[in-house]
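The residues making up each chain are set out below.
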Amino acid sequence: MDVRFLQAGASFDGRMAVRPISVSLTERRIGIIGLNGSGKTTFARMINGLVQPSHGRVSVNGLDTAQDGEGVRSQVGFIFQNPQNQIILPILREDVELGLRAQKLTRTEVKAKVDGVLARFGIEPLADRRVHELSGGELQLAALASVLVTEPALVILDEPTNQLDLRNRLLVQKTIDRLEEDVVVISHDLELVETFDRVLLFHEGQILMDGLPADAIRRYREIAGA
Ligand SMILES: Nc1ncnc2c1ncn2[C@@H]1O[C@H](COP(=O)(O)OP(=O)(O)OP(=O)(O)O)[C@@H](O)[C@H]1O
């Protein structure tokens, strides 16, 4: 995956949420940490074109997010902070199938892909369950399945262990560790990113530190006064 920010920034109502940044993201596993409101989610949403840069440009594998949002989003899956907001249809299998609707596949092909992705996350027994009955951890896995069924090259997860109990947190961590896809993970759960290749520390809309997880986490503790 080759994500490039070229003096790219984003503002809302004239306030810069992300100040112009030039950075290339090519590592397999990248973590994003920082205080509340420091610009992490805005930066991540700029990667898949959900937020357009008000300054500069962002490209993903050579595709400009402002010019080819659809092409970018076919390569970049995004798992939102709250998976309840992501899952649209009441039955898990139907929701996973939804992602494939744009592809012209036969019923047999759709079934094979959906069965495959549910098996990959060990949630086949949940296929016919109502989504609102699932636990927090099951919902996170369901959201992952719904996004990964379309085979994106990069998946962005926004606070995937937020609100999970220890068992579900470990389950989601193990699942992320095993993903073959490139990942960008935003997290307040520092343990989740400590084995990653690279961690970006955001502060007041800027990257304050960019490097090894241990260094970025140490700096984060300093600015948080911990
Ligand atoms: N759609 C929006 N409209 C207006 N302001 C926004 C919007 N999205 C983000 N902001 C503002 O931009 C700033 C950065 O927000 P962002 O969500 O990127 O931070 P964050 O680091 O992800 O925070 P958190 O850890 O709390 O999720 C905040 O001041 C926020 O209020």
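Source: prediction; values computed, not measured.

Asker: Honestly, the overall build of the protein in this entry has me stumped. Any pointers?
Answerer: Broken down by element type, the protein carries eight helices and 10 strands. Relative to its length of 226 residues, the protein is compact, with a C-alpha radius of gyration of 18 Å against a globular reference of 17 Å. With respect to the three principal axes, the spread of C-alpha positions in the protein is 50 × 40 × 30 Å. Per-residue burial for the protein yields a buried fraction of 49% across its 226 residues. Look at the contacts in the protein between residues 6 or more apart in sequence, and 64% of them connect residues 24 or more apart. Accessible surface for the protein amounts to roughly 11100 Å². Of this, 47% is attributable to carbon and sulfur atoms. Within the protein, the 31 negative side-chain charges are centred at a point lying 1 Å from the centre of the 26 positive side-chain charges.

Asker: When you look at the sheet that holds strand β2 (residues 15-25) in this model, what are you seeing that I'm missing?
Answerer: The strands making up a sheet associate through backbone hydrogen bonding, with each pair oriented either parallel or antiparallel. Ordered by their spatial adjacency, four strands build an open sheet running β2-β1-β4-β5, and the pairing between neighbours is antiparallel. Edge positions in the sheet fall to β2 and β5 (63-64), since each has one partner strand and no second. The sheet contact formed by strand β1 (residues 3-12) and β2 spans seven bridges and is antiparallel. Following the sheet pairing, Ala10 is matched in β2 by Val18.

Asker: Honestly, the site of the ligand in this entry has me stumped. Any pointers?
Answerer: Not every one of the 14 residues close to the ligand is listed here, only the nearest: Asn36, Gly37, Lys40, Thr41 and Thr42. Within the contact set of the ligand, an oxygen atom lies 3.0 Å away from a side-chain nitrogen or oxygen of His188. Isolated, the ligand exposes 640 Å² of accessible area, and the fraction of that covered by the protein chains is 63%. For the shell around the ligand, the secondary structure elements donating two or more residues are β2 and α1 (40-47). Here the shell around the ligand gets three residues from one element, more than from any other, and that element is α1. Considering only residue class, the shell around the ligand consists of three nonpolar, eight polar and three charged.

Asker: How should empty space enclosed by the protein be read in this particular structure?
Answerer: Vacant regions in the atomic arrangement are exposed by a probe of water-molecule size rolled over the atoms. Across all of its chains, the model carries one cavity of 30 Å³ or more by this definition. Considering only enclosed or pocket space, the largest cavity measures out at about 50 Å³ in volume. Around the largest cavity sit Met1, Val3, Leu25, Thr26, Glu27, Arg28, Ile30, Leu154, Asp182, Val183 and Val184, which together line it. Considering each element in turn, the lining of the largest cavity owes the most residues, three residues, to strand β8 (residues 182-186). Residues belonging to the lining of the largest cavity are distributed by class as follows: seven nonpolar, one polar and three charged.

Asker: Would you explain the UniProt feature "domain: ABC transporter" (unreviewed entry) in the protein in this entry?
Answerer: Annotation from UniProt places "domain: ABC transporter" (unreviewed entry) at residues 3-226. For the annotated span residues 3-226, helix accounts for 35% and strand for 27% of the residues, and the straight-line distance between the end C-alpha atoms is 32 Å.

Asker: When you look at the layout of surface pockets in this model, what are you seeing that I'm missing?
Answerer: One number sums up the size of the largest pocket: a volume of about 720 Å³. Around the largest pocket sit 23 residues that line it, and Arg73, Gly99, Ser146, Val147 and Thr150 are the ones nearest its centre. Sorting the residues of the lining of the largest pocket by element identifies α2 (69-75), β6 (76-79), α3 (92-98) and α5 (136-148) as the ones contributing at least two each. The biggest single contributor to the lining of the largest pocket is α2, with four residues. Tallied by class, residues from the lining of the largest pocket come to 10 nonpolar, 10 polar and three charged.

Asker: Would you mind showing me how to read the side chain of Asp182 here?
Answerer: Mapped onto the secondary structure, Asp182 falls in strand β8. Non-local contacts of Asp182, meaning those with residues more than four positions away in its chain, are made with Met1, Arg28, Ala153, Leu154 and Val155.

Asker: Sorry if this is basic, but what is going on with the pairing of β6 here?
Answerer: Neither face of β6 is open: one carries Val76 and Phe78, the other Gly77 and Ile79, and all of them are buried. Pairing between β6 and strand β7 (residues 154-158): four bridges, direction parallel. Bridging from a neighbouring strand, Ile79 pairs with Leu157 of β7.

Quick notes on the rules
Numbers given for residues are sequential positions, taken from 1 along each chain in its written order. Confidence filtering applies because this is a predicted model: local features only for residues at pLDDT of at least 70, side-chain atom pairs given and counted only at 80 or more, and all residues used for totals across whole chains, interfaces and linings. The side-chain figures draw on all heavy atoms in the structure; neither hydrogens nor water molecules are used. Every helix listed is a DSSP run of H or I at least four residues long, and every strand listed is a run of E at least two residues long, numbered separately from the N terminus. Here the globule rule is a power law, 2.2 Å times the number of residues to the power 0.38, and the radius of gyration is based on C-alpha atoms. Burial here depends on accessible area, computed with a 1.4 Å probe over protein chains only, as a share of the maximum for the residue type. Under 20% is buried, over 50% is exposed, and the range in between is partly exposed. Note on definitions: a residue-residue contact is assigned when non-hydrogen atoms from the two residues lie within 4.5 Å. The method behind every accessible area is Shrake-Rupley, applied with a 1.4 Å probe, and residues are considered shielded solely by the protein chains displayed. Neither His nor the chain ends contribute to the count of charged residues, in which Lys and Arg are positive and Asp and Glu negative. Where a charge lies is defined by one atom per residue type: Lys uses NZ, Arg uses CZ, Asp uses CG and Glu uses CD. When DSSP finds two or more bridges between a pair of strands, those strands are recorded as paired. Residues are classed as near a molecule or strand on a simple rule: at least one heavy atom within 4 Å of it. Any pair of nitrogen or oxygen atoms within 3.5 Å is treated as a polar contact; in protein, a donor-acceptor pairing is required on top of that, and neighbouring residues in sequence qualify only through side-chain atoms on both sides. Each residue gets one of three labels, nonpolar for Ala, Val, Leu, Ile, Met, Phe, Trp, Tyr, Cys and Pro, charged for Asp, Glu, Lys and Arg, and polar for the others, Gly among them. Two kinds of site are reported from a 1 Å grid over the protein atoms alone, namely cavities, where a 1.4 Å probe fits but cannot get out, and pockets, open sets with protein on both sides within 12 Å along at least five of seven lines, and residues are called lining when an atom falls within 4 Å of a point. Grid points are joined across faces, edges and corners, and a volume is the space filled by probe spheres set on the points. UniProt positions are given in the numbering used here, feature names are shortened, and annotations may be inferred rather than shown by experiment.

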